[in-house]
Amino acid sequence: MVLKTQTITVTPEMAADRVGSGLLHVYATPMVAALMESTSILCIEDLEADETTVGVEINVQHVKATAIGEQVTCTACLKEQDERSYHFILRVENARGEEIAEGTHVRVRVNKERFMSKLNGAS
């Protein structure tokens, strides 16, 4: 089991009223999801130089508001891995140790060049 954490300070650019996910000046759910994804990536240690991972599924329960300026810590646990897929359990807490979000995430291993060539219409 691989466990990684990442702590950030919530900035005004991460607010719901700035990213278009709401009207309030609080930590936005899409930004919580982005923190979860970036923390998950830290757990992946077995990629070749020509590989990366892409997120294919994320499930987020954002249960507590967080003010701008507060610190939050995300913990990602790599709970399952097979040849191409990585499955994570995630938790985000504020500086008081209160849960603000939890979720799951799946990433898939891809070849960078092949992935981008499909995007550009090549087979």
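Here is a short report on the structure shown in this document. Bear in mind that the values here come from a model prediction, so they are computed numbers and not experimental data.

A few words now on the overall build of the protein. A count of helices and strands for the protein gives three helices and five strands. Counting helices and strands in the order they occur from the N terminus, the protein gives β-α-α-β-β-β-β-α. If you line up the protein on its principal axes, its C-alpha atoms span 45 × 35 × 20 Å. Considering the protein as a whole, with its 123 residues, one finds that 33% of them fall into the buried category. The long-range fraction of contacts in the protein, counting pairs at least 24 apart against all pairs at least 6 apart in sequence, stands at 63%. For the protein, the computed accessible surface area is about 7,200 Å², with 51% contributed by carbon and sulfur atoms. Within the protein, one finds 12 positive and 18 negative side-chain charges whose respective centroids are separated by 1 Å.

Moving on, we get to helix H2 (residues 29–42). Across its 14 residues, H2 extends 20 Å between first and last C-alpha, which sits within 8% of the 20 Å expected from 1.5 Å per residue. Taken together, the buried positions of H2 are Val32, Ala33, Leu35, Met36, Thr39 and Ser40. Taken around the axis of H2, the buried residues stretch over an arc of 160 degrees, which confines them to a single face. The inward-facing, buried residues of H2 abut strand E1 (2–9), strand E2 (51–62), strand E3 (71–81), strand E4 (85–94) and strand E5 (99–111).

So, how was this worked out
- Residues numbered from 1 in each chain as written.
- Predicted model: local features only at pLDDT ≥ 70, side-chain atom pairs only at ≥ 80, totals over all residues.
- Heavy atoms only, no water.
- Helix = DSSP H or I, 4+ residues; strand = E, 2+ residues; numbered from the N terminus.
- Buried < 20%, exposed > 50% of the residue type's maximum accessible area, 1.4 Å probe, protein only.
- Contact = heavy atoms within 4.5 Å.
- Areas by Shrake-Rupley, 256 points an atom, 1.4 Å probe, with all protein chains shown as cover.
- Lys, Arg positive; Asp, Glu negative; His and termini not counted.
- Charge placed at Lys NZ, Arg CZ, Asp CG, Glu CD.
- Expected span 1.5 Å × (residues − 1).
- Arc of directions from axis to C-beta.

Taken by themselves, the reported measurements are silent on function.
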